[in-house]
Amino acid sequence: MAVTTPNPLAEVRLRTQMFAGGDFVDAVSGRTYPVENPANGQTIAEVAEGGVEDVDRAVEAARRAAPGWAATPPADRKKLLQRFADLIDENSEELARIETLDVGKPISDTRSLDIPDSAATIRWHAEATDKLYDQVAPTGPGAVAMVVREPLGVVGAIVPWNYPLQMAAWKLGPILATGNAVVMKPAQVTSLSLLRVAELGAEAGLPDGVLNVVTGPGSVVGTAIARHPGIDGVAFTGSTEVGRTVLEHSARTNLKRVALELGGKSPQIVMADAANLDRVADRVANAIFWNMGENCSAGSRLLVDRRVKGPLLDRLVGLVERDWIVGDPMNDTTRVGPLITKSHMEKVLGYIDAGRAEGARTVVGGGRVREDSGGWFVSPTIFDRATNEMRIAREEIFGPVLSVIEFEGEDEAIAIANDTDYGLAASLYTENVRTAHRMARAIKAGVVGVNNYSEGDLTTPFGGFRQSGFGGHDKSVHAHDQYTNLKTIWIDMGE
Ligand code: NDP
């Protein structure tokens, strides 16, 4: 079933059924659920509501497809996946519109980042497919020992709503390139782009059952994936709390391999010698307000040397007022769209109230805006006089809220930066190369950007320390490790 949306700005093809075994299918129960546009609260589609039996059906299809896909010569897998990436690029305008409609992300971001990065990710892993060699171990002449990689078989992937297609692509690229079949579960509120992309995968020639998508609530579909005996590994991106339950399900069932990419409370550290405070302010703002702060690596704690705090804060407030325009996400000039749902907006507003109650001071923003639109908009908010003990500095808000904390000297900066349960990302601004090296090593985080806010690029691994997750990395060839088993084949060469 293909539906043309009534949205006057976009002619997009919305797929609303699940994708299993190469076909779009209704939920076994026949049930559907409404999906809304967060910019105006209106329903844009009714999507199939999957249950346990839908996961079973997808896993069966994936199990049937997995041996053939694993045995496909890497060069052929590469060509299919390259075609898949090309089709995403060819349909990028439509996909950008779907993503903006469904998630509320500014169209300038979905056009320039979400969709091109998703295609590029799949292409990058496709190209690696026939370029990665296995190993021969340095044994003596009495044996030949090969260390080879084999696909796990069927991988379950559970992805969140903040970058629906990009996070799906970070999983799909390495899962498919390494010869696994996949059962993907998008977040219930943001399934539309992945369903359309599954259709493009079929058009590219992916064999039936290699890529399956089951839509529906995490408590049902996600749990069924995490517990399923026919799934050999699960890759999860989302909250620390749900990551914990996925791990428990695996432990209590078939001990499937688990890779967790979870939350963060990432520090941005600005030393007194940081050069060009205008540029620093621009990057600091980007780190927290990009994607409405709905970003696991958002730089939500600004740790700033008290000698430069005043001038940096002035610049930040100026930037927010001038550049971080809240508006209709379909508008080219909008940089801040709505939050994902009403309940998430209420959660973020609750944190803003908590910040005030605990004694921090809002210097810009601090509330809901554009209420007349019917959407879930919160203005970019900066809290001065925060301390690292406040809830706004300890808990992941997942919204456009920055807490500014002063420090004096390198040791205090590191102590505050590391005083968190998380360890996903960090940024550090200094002109001193020795300070940069020392501090980048001392910060407990999976990615440290020096003089920028960065998650690296496709060539570098992305993953966290501590309660930000473990078990694998997205991006780079390291992403292949979590979807392959290492096997030793020892051949006796003696008489
Ligand atoms: P969740 O962790 O609940 O959602 C992530 C994914 O897990 C979704 O596909 C969700 O499905 C699924 N899921 C939910 N419950 C289960 C379950 N019991 N078993 C298996 N899968 C499940 O995050 P939320 O969407 O609720 O967001 C809550 C908070 O999590 C945010 O405020 C933010 O702090 C953090 N978060 C972090 C992300 C990151 O990138 N690290 C991404 C998203 C959120 P469904 O949504 O359909 O129920």
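Residues numbered from 1 in each chain as written. Predicted model: local features only at pLDDT ≥ 70, side-chain atom pairs only at ≥ 80, totals over all residues. Heavy atoms only, no water.

Undergrad: Quick one: what's the story with the pairing of strand β6 (residues 42-48), residue by residue and with numbers?
TA: Looking at chain direction, strand β5 (residues 32-37) and β6 are connected through six bridges and run antiparallel. In the strand pairing of β6, Tyr33 is matched with Val47. Where β5 hands over to β6, the hairpin turn is made up of four residues, of which Gly41 adopts a positive phi near 75°. (Pairing = 2+ DSSP bridges. Helix = DSSP H or I, 4+ residues; strand = E, 2+ residues; numbered from the N terminus.)

Undergrad: Which residues make up the site of the ligand, and what values do they have?
TA: Contacts to the ligand come from 28 residues, most closely from Trp161, Gln188, Ser239, Lys347 and Glu396. The separation between an oxygen atom of the ligand and a polar side-chain atom of Ser239 is 2.6 Å. Leu262 is positioned with one of its backbone polar atoms (N or O) 2.9 Å from a nitrogen atom of the ligand. Considering the ligand on its own, with 850 Å² of exposed area, one finds that the protein chains cover 84% of that surface. Within the residue set of the shell around the ligand, elements represented by two or more residues are α7 (218-227), β12 (233-237) and α11 (342-357). When residues in the shell around the ligand are grouped by element, the largest group, four residues, is from α7. Within the shell around the ligand, the residues separate by chemical class into twelve nonpolar, twelve polar and four charged. (Near = heavy atom within 4 Å. Polar contact = N/O pair within 3.5 Å; in protein donor to acceptor, adjacent residues only side chain to side chain. Areas by Shrake-Rupley, 256 points an atom, 1.4 Å probe, with all protein chains shown as cover. Nonpolar A, V, L, I, M, F, W, Y, C, P; charged D, E, K, R; others polar.)

Undergrad: Requested: an account of the packing of helix α3 (residues 92-103) against helix α4 (residues 107-128), with residues and values cited.
TA: Orientation of α3 relative to α4, taken along the N-to-C sense of each, is 120°, at an axis distance of 9 Å. Classified by the interaxial angle, the pair formed by α3 and α4 is oblique. Relative to α4, α3 is oriented so that their crossing is right-handed. Here Ser92, Glu93, Leu95, Ala96, Arg97, Glu99 and Thr100 of α3 come into contact with α4, specifically with Ile107, Thr110, Arg111 and Ile115. Looking at the contact of α3 with α4, its residues break down into four nonpolar, three polar and four charged. (Axes fitted to C-alpha atoms, helices over the stretch in contact; angles between N-to-C directions. Parallel < 35°, antiparallel > 145°, perpendicular 65-115°, else oblique. Left-handed = near helix turned anticlockwise from the far one by under 90°. Contact = heavy atoms within 4.5 Å.)

Undergrad: Would you mind going over the nonpolar core in detail, with residue names and values included?
TA: If you look at the biggest cluster of nonpolar residues, it comprises 119 residues, and the most contacted ones within it are Phe84, Ile269, Val270 and Leu316. Not counting residues within four places of it along the chain, the set of residues in contact with Ile269 comprises Leu303, Phe407, Ala413, Ala417, Ser427, Leu428, Tyr429, Met439 and Ile443. Core analysis: the next-biggest nonpolar cluster, separate from the first, contains 26 residues, Ala62, Ile158, Ala224 and Phe236 among them. (Core = buried A, V, L, I, M, F, W, Y, C linked by side-chain atoms within 4.5 Å. Buried < 20%, exposed > 50% of the residue type's maximum accessible area, 1.4 Å probe, protein only.)

Undergrad: Tell me about the packing of α7 against helix α8 (residues 240-252), and please be specific about residues and values.
TA: Remark: α7 packs on α8, axes separated minimally by 8 Å, with the N-to-C direction vectors making an angle of 40°. Viewed along their axes, α7 and α8 adopt a mutual orientation that is oblique. Between α7 and α8 lies a crossing whose hand is right-handed. Taken together, the residues of α8 that come into contact with α7 (itself represented by Thr223, Ala226 and Arg227) are Val246, His249 and Ser250. Here the contact of α7 with α8 is built from residues that sort into two nonpolar, three polar and one charged.

Undergrad: Which residues make up the pairing of β12, and what are the values?
TA: The buried fraction of β12 amounts to five of the five residues, a majority that puts the element mostly inside the structure. Taking every second residue as pointing to the same face, both faces of β12 are buried, with Gly233, Ala235 and Thr237 on one and Val234 and Phe236 on the other. Of the pairings in the sheet, the one linking strand β9 (residues 154-158) to β12 comprises four bridges and is parallel in character. Of the residues in β12, the one forming a bridge with Val155 is Gly233.

Undergrad: Account for the sheet that holds strand β21 (residues 425-429), naming residues and giving values.
TA: Strand order in the open sheet formed by seven strands is β16-β19-β20-β15-β14-β21-β22, and the pairing between neighbours is mixed. In this open sheet, the two edge strands, each paired with only one partner strand, are β16 (361-364) and β22 (447-450). Along the sheet, successive strands turn relative to each other by an average axial angle of 25°, direction set aside. Judged from the four bridges that link them, β21 and β22 form a sheet pairing that is parallel. When the bridges of β22 are listed, Ala425 appears paired with Val447. The strands that helix α9 (residues 277-289) touches are β14 (267-270), β15 (301-305), β19 (381-384), β20 (401-407) and β21; relative to β14, the one it contacts most, it runs at about 170°.

As far as function goes, none of this settles anything; it's purely spatial.
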